[in-house]
Amino acid sequence: MPSEAPGFLDVHAHFVADSYVRQAREAGHELPDGVPAWPSWSAKAHLELMDRCGIETSMLSVSSPGIHFGDDTAARRLAREVNEAGAETVRENPGRFGLFASLSLPDVDGALAEIAYAFDTLAADGVVLETNTHGTYLGNPRLEPVWAELDRRGAVVFLHPTSPVCWEQSALGRPRPMVEFVFDTARTVTDLLMSGTLDRYRDLTVIVPHCGGALPVLADRIDGFMRMFMPQDQEGPGALDQLGRLYYDLAGPALPRQLPALLSLVGADRILYGSDHCWTPAAGVEAHVAGLDAAPAPGAAASWRALTTENARRILPRANF
């Protein structure tokens with residue numbers, strides 16, 4: 001990395017605390033989403049990886065399986081616990097970490113209370129929403145008050161995939177992040193499109209993970225079906241226009257195929273860097289960064305570092321860079 005190159009701003013980074021893992025295991029997530037083991041995490045090790053890879057700041061969030069394991073009261077407690085732990089890490093490492101807070105969806109009242117606490121007390125940089133919780137997808141009318149409040153605050157909303165409720169049949173015994181995650185991302189974004197949520201709430205900044213999952217190759221198909229089947233009272237911009245307003249991170253194997261597909265859907269000004277650490281091991285993060293540093297950036301951008309960092313700074317004004 002040239003000495004004058006900016007550090008990456010990582011919008012897709014995760015933390016796991018021992019208490020969270022214990023509660024998830026007690027709820028039946030011994031092998032989360034079919035992955036062989038829970039990762040270990042510490043701020044110290046994460047910072048060491050960031051320094052090796054030239055990552056200046058990482059936005060921390062809780063990954064799948066999220067924090068709602070079936071009981072609203074327990075989910076509210078766990079959301080508060082992980083958000084306070086994340087905020088403490090941010091305070092202890094100024095400029096190096098930010099926080100996307102977890103909410104107790106589909107518990108709307110608890111989520112609204114946590115939005116207020118996360119932004120007004122913890123100074124969170126945004127929220128993380130799983131693609132579904134127990135089969136409630138993000139375009140569900142029950143969640144309208146949550147979207148309205150996030151929009152009122154002009155919030156950054158980071159979407160994160162999780163297992164669909166039918167995974168026992170659809171995953172065929174294989175880890176769900178391999179295929180199920182990319183399709184659940186497309187499924188929930190399609191739900192947001194078809195429900196009109198993205199068109200109603202235009203003050204949101206929505207980040208879609210993993211180069212958009214399956215969205216780049218499905219976008220024209222989704223657009224065509226929207227135009228045929230959207231209710232007359234929900235007429236508005238087509239899927240392609242709305243997808244072009246979202247942001248997309250590069251977590252996962254972005255090169256050589258996913259990133260070019262994504263750039264056929266959106267402009268380079270919508271691309272952000274994501275590592276997916278700690279669920280992606282350090283060696284994988286290092287290889288991913290090396291690949292991006294070696295790849296030519298589009299247009300007049302000096303590098304993918306410069307491009308993605310400029311984009312991230314534009315949408316994360318609350319972060320202490």
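Asker: Talk me through the overall build of the chain; I want residue IDs and the actual numbers.
Answerer: Scanning the chain for helices and strands turns up 13 helices and ten strands. For the chain, whose C-alpha radius of gyration is 18 Å, the value lies close to the compact-globule estimate of 20 Å for 321 residues. Long-range contacts, defined as pairs at least 24 residues apart, comprise 78% of the intrachain contacts of the chain with a sequence gap of at least 6. Counting every atom, the chain has about 13,700 Å² of accessible surface; 53% of that belongs to carbon and sulfur. Side-chain charges of the chain comprise 26 positive and 41 negative groups, with the mean position of each set lying 1 Å from the other.

Asker: Now, about the nonpolar core: what can you tell me, with residues and values included?
Answerer: With 81 residues, the main nonpolar core has Leu-129, Trp-147, Leu-150, Val-157, Leu-159, Leu-243 and Trp-304 as its most contacted residues. Those residues in contact with Val-157, other than ones at most four positions away along the chain, are Val-127, Leu-129, Trp-147, Leu-150, Leu-204, Thr-205, Val-206 and Ile-207. Grouped together as the second largest cluster of nonpolar side chains are 13 residues, Phe-100, Ile-207, Tyr-247 and Leu-316 included.

Asker: Just give me the short version of the packing of aromatic side chains, but keep the residues and values in it.
Answerer: Summed over all chains, the structure comprises seven aromatic pairs. Judged by centre distance (5.5 Å) and plane angle (55°), the ring pair of Trp-38 and Trp-279 falls under tilted. Note that Trp-38 is positioned in the loop between helix H1 (18-26) and helix H2 (43-53) and Trp-279 in the loop between strand E10 (271-272) and helix H12 (282-294), a separation of 241 residues in sequence. A relative accessible area of 10% means that Trp-38 is categorised as buried. These aromatic residues form a ring-pair network of at least three members: Tyr-20, Trp-38, Phe-69 and Trp-279. Against the face of Trp-167 rests Arg-176, its NZ or CZ located 3.6 Å from the ring centre.

Asker: Describe unusual backbone geometry, naming the residues involved and giving the relevant values.
Answerer: Cis rather than trans, the peptide bond between Leu-105 and Pro-106 has omega equal to 10°. Positive phi, normally seen in glycine, also occurs at Asp-276, with a value near 65°. Note that Asp-276 resides in the loop between E10 and H12.

Asker: So what about the sheet that holds strand E8 (residues 205-208)? Which residues, and what values?
Answerer: In a beta sheet, neighbouring strands pair by backbone hydrogen bonds and run either parallel or antiparallel. The parallel open sheet is built from eight strands, whose spatial order is E1-E2-E3-E4-E7-E8-E9-E10. Edge strands, defined here as strands with exactly one partner in the open sheet, are strand E1 (8-14) and E10. Both E8 and strand E9 (residues 247-249) contribute to a ladder of two bridges, which runs parallel. By the bridge assignment, Val-208 is partnered in E9 with Tyr-248. Running at roughly 70° to E1, helix H13 (residues 304-315) makes contact with E1, strand E7 (156-160), E8, E9 and E10 of the sheet.

Asker: How would you summarise the pairing of strand E3 (residues 97-102) if you had to cite specific residues and measurements?
Answerer: In terms of residue burial, E3 counts as a mostly covered element, since six of its six residues are buried. Of the two faces of E3, the one lined by Phe-97, Leu-99 and Ala-101 and the one lined by Gly-98, Phe-100 and Ser-102 are each fully buried. Taken together, the three bridges between strand E2 (residues 55-61) and E3 define a ladder with parallel strand orientation. In the sheet register, Met-59 faces E3, and the bridge partner there is Gly-98. Where E3 meets strand E4 (residues 126-130), three bridges bridge the pair, whose relative direction is parallel. Along E4, the bridge assignment pairs Ser-102 with Val-128. Crossover handedness for the path E3 to helix H4 (residues 108-120) to E4: right-handed.

Asker: I'd love a proper account of the packing of helix H3 (residues 72-92) against H4, names of residues and values included.
Answerer: The geometry of a pair of packed helices is captured by two quantities: the angle between their axes and the separation between those axes. Closest axis-to-axis distance for the H3/H4 pair is 10 Å, and the angle between their directions is 20°. Judged by the angle between their axes, H3 and H4 are roughly parallel. Handedness of the H3/H4 crossing: right-handed. Across from Arg-76, Ala-79, Arg-80, Asn-83 and Glu-84 in H3, the residues of H4 making contact are Asp-109, Gly-110, Glu-114 and Tyr-117. A breakdown of the residues in the contact of H3 with H4 according to their chemical character gives two nonpolar, two polar and five charged.

Asker: Which residues make up the packing of helix H7 (residues 180-194) against helix H9 (residues 215-229), and what are the values?
Answerer: In the contact formed by H7 and H9, the axes pass within 11 Å of each other and the chain directions differ by 30°. Looking at the two axes, H7 sits roughly parallel to H9. H9 is crossed by H7, and the crossing has right-handed handedness. Facing Ala-186, Val-189, Thr-190, Leu-193 and Met-194 of H7, the residues of H9 in contact are Leu-215, Leu-218, Ile-222 and Met-226. Class assignment of the residues belonging to the contact of H7 with H9 gives a composition of eight nonpolar, one polar and no charged.

Asker: A description of the pattern of salt bridges should follow, citing residues and the corresponding values.
Answerer: Scanning the model with the defined rule gives 15 salt bridges in all. Arg-52 is the partner of Glu-286 in a salt bridge, and the nearest nitrogen-oxygen pair spans 2.8 Å. Of this pair, Glu-286 sits in helix H12 while Arg-52 sits in helix H2; the two residues are 234 residues apart in sequence, bridging distant segments of the chain. Judged by its relative accessible area of 32%, Glu-286 is partly exposed.

Rules and cut-offs
- Residues numbered from 1 in each chain as written.
- Predicted model: local features only at pLDDT ≥ 70, side-chain atom pairs only at ≥ 80, totals over all residues.
- Heavy atoms only, no water.
- Helix = DSSP H or I, 4+ residues; strand = E, 2+ residues; numbered from the N terminus.
- Rg over C-alpha atoms; globule rule 2.2 N^0.38 Å.
- Contact = heavy atoms within 4.5 Å.
- Areas by Shrake-Rupley, 256 points an atom, 1.4 Å probe, with all protein chains shown as cover.
- Lys, Arg positive; Asp, Glu negative; His and termini not counted.
- Charge placed at Lys NZ, Arg CZ, Asp CG, Glu CD.
- Core = buried A, V, L, I, M, F, W, Y, C linked by side-chain atoms within 4.5 Å.
- Buried < 20%, exposed > 50% of the residue type's maximum accessible area, 1.4 Å probe, protein only.
- Phe/Tyr/Trp six-rings, centres within 6.5 Å; stacked < 30°, edge-to-face > 60°.
- Lys NZ or Arg CZ within 6 Å of the ring centre and 35° of its normal.
- Pairing = 2+ DSSP bridges.
- Axes fitted to C-alpha atoms, helices over the stretch in contact; angles between N-to-C directions.
- Right-handed = clockwise from strand over helix to strand, strands pointing away.
- Parallel < 35°, antiparallel > 145°, perpendicular 65-115°, else oblique.
- Left-handed = near helix turned anticlockwise from the far one by under 90°.
- Nonpolar A, V, L, I, M, F, W, Y, C, P; charged D, E, K, R; others polar.
- Salt bridge = Lys/Arg side-chain N within 4 Å of Asp/Glu carboxyl O.

None of this, on its own, says anything about what the molecule does.
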